[in-house]
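Structural description and commentary
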Amino acid sequence: LIDSPEHTNRVIAEVIAVDMEKNQVAFSHFESLPASNDRRSRIRVEPHSAIDICIQHPEGNCRATIIDISEKTLAAYLRNTGIDVSREVKLKFELPCSSGSQHKPIVTAGRTIYVRADQRGDPRAHVIIFELDCDTPTRSILSNYVAYRQSDILKEIRHIMEGRA
């Protein structure tokens, strides 16, 4: 997200290149967020590898892939299935533990707060952001996963930076 004093709305964009030596970042696919971004203000992390998610709806089930996740929200990549996900849905997925050997099953209610067409070429695909309605134990699992991924991401960045030194 890009937050600038020159703009009244927040902007979402895709990072296409980072040059650490020049302190420059190149962006593409700029899009103004149509609504308040308060619901997406928590720390979000991308999974290390693809995590499938089952979206259960009274009209049927569909599968998607998690793009990023926080304690209270989840973004997923979904190809058009004809199922209306604008209402409340049930989300089922598994998160890896810090040990990497076990997975924690997550089942929680979710409500769509933002939908946009995918801008990477598939005209039938969408990015959907769900607000999660988790109980305390599930929120704790999500919080632990976010902290675990933050730690992994920092290790990856250090490794990259050490390779450049």
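Everything below is about the structure shown above.
So, here's what we can say about the structure.

The rules behind these values
Residues numbered from 1 in each chain as written. Predicted model: local features only at pLDDT ≥ 70, side-chain atom pairs only at ≥ 80, totals over all residues. Heavy atoms only, no water. Helix = DSSP H or I, 4+ residues; strand = E, 2+ residues; numbered from the N terminus. Buried < 20%, exposed > 50% of the residue type's maximum accessible area, 1.4 Å probe, protein only. Contact = heavy atoms within 4.5 Å. Areas by Shrake-Rupley, 256 points an atom, 1.4 Å probe, with all protein chains shown as cover. Expected span 1.5 Å × (residues − 1). Pairing = 2+ DSSP bridges. Axes fitted to C-alpha atoms, helices over the stretch in contact; angles between N-to-C directions. Polar contact = N/O pair within 3.5 Å; in protein donor to acceptor, adjacent residues only side chain to side chain. Core = buried A, V, L, I, M, F, W, Y, C linked by side-chain atoms within 4.5 Å. Salt bridge = Lys/Arg side-chain N within 4 Å of Asp/Glu carboxyl O.

1. A short note on the overall build of the protein
- The helix and strand inventory of the protein stands at one helix and eight strands.
- Secondary structure of the protein in N-to-C order comes out as β-β-β-β-β-β-β-β-α.
- For the protein, with 165 residues in total, the buried portion stands at 32%.
- Looking at the protein alone, contacts between residues at least 24 apart form 51% of all its contacts between residues at least 6 apart.
- Accessible surface, the protein as shown: approximately 10400 Å² in total, 49% of it carbon and sulfur.

2. Thoughts on helix α1 (residues 136-164)
- In this model, α1 (29 residues) spans 42 Å end to end at C-alpha, consistent with the 42 Å of a helix rising 1.5 Å per residue.
- Those residues of α1 that sit buried are T138, L142, Y145, V146, R149 and D152.

3. What to know about the sheet that holds strand β4 (residues 60-69)
- Sheet architecture is closed into a barrel: six strands sit in the order β3-β4-β5-β8-β7-β6, paired in antiparallel fashion. When strand polarity is set aside, the average angle formed by the axes of neighbouring strands in this sheet is 45°.
- Relative to strand β5 (residues 73-79), β4 is paired through four bridges, and the arrangement is antiparallel. Residue pairing in the sheet places T65 in a bridge with Y77 of β5.

4. Considerations on the pairing of strand β6 (residues 89-96)
- Here β6 shows a buried face lined by V89, L91, F93 and L95 and an unburied face lined by K90, K92, E94 and P96.
- Inspection of the sheet shows strand β3 (residues 52-57) paired to β6 by four bridges, in the antiparallel sense. The partner of Q56 across the bridge, within β6, is K90.
- The pairing of β6 with strand β7 (residues 103-117) spans eight bridges and is antiparallel. When the sheet's bridge partners are listed, K92 is paired in β7 with V107.

5. Re the side chain of S70
- Position of S70 relative to the elements: it lies in the loop between β4 and β5.
- On the basis of relative accessibility, which here comes to 1%, the residue S70 falls in the buried class.
- At 3.2 Å, the side chain of S70 and the backbone nitrogen of K72 are in polar contact.

6. Here we look at the side chain of T108
- On the secondary structure map, T108 appears in strand β7.
- Contacts of T108, omitting those with residues within four sequence positions, involve V89, K90, L91, L132, D133 and C134.

7. Observations concerning the environment of Q150
- With respect to the element layout, Q150 can be found in helix α1.
- Between the alpha carbons of Q150 and I43 there is a distance of 9.1 Å; along the sequence they are 107 residues apart.
- Those residues in contact with Q150 that sit more than four places away from it in its chain are I43 and V45.

8. A closer look at the nonpolar core
- Judged by nonpolar contacts, the single largest core of 23 residues is most densely connected at I53, I69, L74, F93, L95 and F130.
- Elements with a minimum of two residues in this core: β3, β4, β5, β6, β8 (125-133) and α1.
- The residues touching L95, leaving out its near neighbours within four places in the chain, are I51, I69, Q102, H103, K104, I106, I141, L142 and Y145.

9. So, the pattern of salt bridges
- Per the stated rule, a full pass over the model turns up four salt bridges.
- One salt bridge connects D68 with R44, and the closest N-O pair in it is separated by 3.5 Å. Remark: R44 occurs in the loop between β2 (24-32) and β3 and D68 occurs in strand β4; sequence separation between them is 24 residues.
- Residue class for D68 comes out buried when judged on its relative accessible area of 11%.
- In this structure, D152 and R149 form a salt bridge, with 3.7 Å as the shortest nitrogen-oxygen distance. Of this pair, D152 and R149 both sit in helix α1, three residues apart, which is roughly one turn of that helix.

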